[in-house]
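The chain contents come next:
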Amino acid sequence: MRRLIISSLILAYFTYFSPVSAQTAPQINGPTGGSFTVIDRRAEDEISEVSRLYINGALVSTFALSINHDSKAITVPVPLGRLDVPYVLCGEITVNHNGHIESHRVSSEGVLHNPDSHYYEAVGTENFNDFYLTDYADPGAAEHQPGHSAKCAAPTS
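This report concerns the structure included in the present document.

The rules behind these values
- Along each chain, residues carry numbers from 1 onward, in the same order as the chain's sequence is written.
- Totals for whole chains, interfaces and linings use every residue, but because this is a predicted model, local features are given only for residues with pLDDT of at least 70 and side-chain atom pairs only at 80 or more, for both listing and counting.
- For side-chain calculations, the full set of non-hydrogen atoms in the structure is used, while hydrogens and water are omitted.
- Numbering of helices and strands starts at the N terminus; helices are DSSP runs of H or I of at least 4 residues and strands are runs of E of at least 2.
- Nine residue types can take part in a nonpolar core, namely buried Ala, Val, Leu, Ile, Met, Phe, Trp, Tyr and Cys, and a core is a set of them joined through side-chain atoms within 4.5 Å.
- Relative accessible area decides the class of each residue, using a 1.4 Å probe on protein chains only: under 20% of the type maximum gives buried, over 50% gives exposed, and in between gives partly exposed.
- We call two residues contacting when some pair of their heavy atoms lies within 4.5 Å.
- For the purposes of this analysis, a disulfide is any pair of cysteine sulfur atoms at a distance within 2.5 Å.
- Salt bridges are identified by distance alone: a Lys or Arg side-chain nitrogen within 4 Å of an Asp or Glu carboxyl oxygen.
- We call two N or O atoms a polar contact when they sit within 3.5 Å, provided that within protein one can donate a hydrogen and the other can accept it, with sequence-adjacent residues counted only if both atoms are side-chain atoms.

1. Some points on the environment of Arg82
Counting through the fold element by element, Arg82 comes out in the loop between β5 (71-79) and β6 (84-97). Residues Arg82 and His113, spaced 31 residues apart in sequence, show a C-alpha to C-alpha distance of 9.0 Å.

Structure below.
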């Protein structure tokens with residue numbers, strides 16, 4: 001119960017006091033073992049981004065960032081008893097790199113360790129060629145496999 005109250009307070013903070021729009025990911029069937037937060041922010045040289053986050057093989061959110069919408073946070077429930085939760089990030093990022101507009105397909109996969117109550121941030125490195133989740137307060141709470149994920153298909157419209 002205490003974790004539920006703390007998670008609710010954190011979500012309320014982001015909803016009312018932060019420029020980040022917060023939403024709850026789709027509910028899972030069955031009991032949960034808490035929740036965690038994922039935030040994606042537009043980098044300074046980023047023009048736009050559309051990325052998808054899959055947790056345990058299921059799509060939980062699409063992050064659509066632009067000049068007018070620079071961040072999004074979601075709360076994701078953890079299935080009861082899960083200590084290691086796989087994730088996949090897929091998408092496309094458009095940046096202004098040294099005055100040139102470039103688009104990069106980004107993807108990665110990894111594992112979130114004991115994710116309950118963690119605050120993960122989507123991070124792009126190496127000129128947006130690597131894209132993964134990290135918890136700055138506890139770097140061991142997430143690991144990723146460098147390079148592109150074979151689990152990402154090109155988005156269809």
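2. Let's talk about the nonpolar core
Residues Leu53, Ile55 and Leu133 are the most contacted members of the largest nonpolar core, which totals 25 residues. Those elements that provide at least two residues to this core are β2 (32-41), β3 (46-55), β4 (58-65), β5, β6, β7 (100-113), β8 (119-125) and β9 (130-134). For this core, the element with the most residues is β6, which contributes five residues. Ile55 has contacts with Phe36, Val60, Val76, Val85, Pro86, Tyr87 and Leu112, leaving out every residue within four places of it along the chain.

3. What to know about the state of the cysteines
As enumerated under the stated definition, the model contains one disulfide in all. For Cys90, the disulfide goes to Cys152, at an S-S distance of 1.8 Å. Residues Cys90 and Cys152 are joined through a disulfide that is left-handed, its torsion about the S-S bond being -75°. You can see Cys90 sitting in strand β6 and its partner Cys152 sitting in the segment after β10 (142-145), a full 62 residues away along the chain. According to the relative accessible area criterion, Cys90 is buried, its value standing at 1%.

4. Remarks on unusual backbone geometry
At Asn56, a position not held by glycine, the phi torsion is positive, near 55°. Mapped onto the fold, Asn56 is located in the loop between β3 and β4. The phi dihedral of Asn98 is positive, around 55°, even though this residue is not glycine. You can see Asn98 is positioned in the loop between β6 and β7.

5. A few points about the pattern of salt bridges
Per the stated rule, a full pass over the model turns up three salt bridges. The salt bridge involving Arg41 is made with Glu121; its shortest N-O contact spans 3.3 Å. Of this pair, Arg41 sits in strand β2 while Glu121 sits in strand β8; the two residues are 80 residues apart in sequence, bridging distant segments of the chain. The class of Glu121 is buried, set by a relative accessible area of 16%. With a closest N to O distance of 3.8 Å, Glu92 and Arg105 form a salt bridge. Within this pair, whereas Glu92 is found in strand β6, its partner Arg105 is found in strand β7, the two being separated by 13 residues in sequence. Residue class for Glu92 comes out partly exposed when judged on its relative accessible area of 32%.

6. Things to note about the side chain of Glu109
In this fold, Glu109 is placed in strand β7. One polar contact links Glu109 to Lys151, side chain to side chain, over a distance of 3.4 Å. Among residues more than four places away in sequence, those in contact with Glu109 are Tyr87, Val88, His144, Gln145, Ser149, Ala150 and Lys151.

7. Considering the side chain of His104
Secondary-structure assignment places His104 in strand β7. Engagement of the side chain of His104 in a polar contact is seen with the side chain of Glu102, the distance being 3.1 Å. Setting aside its immediate chain neighbours within four residues, His104 contacts Gly91, Glu92, Ile93, Val95, Asn127, Phe128 and Asn129.

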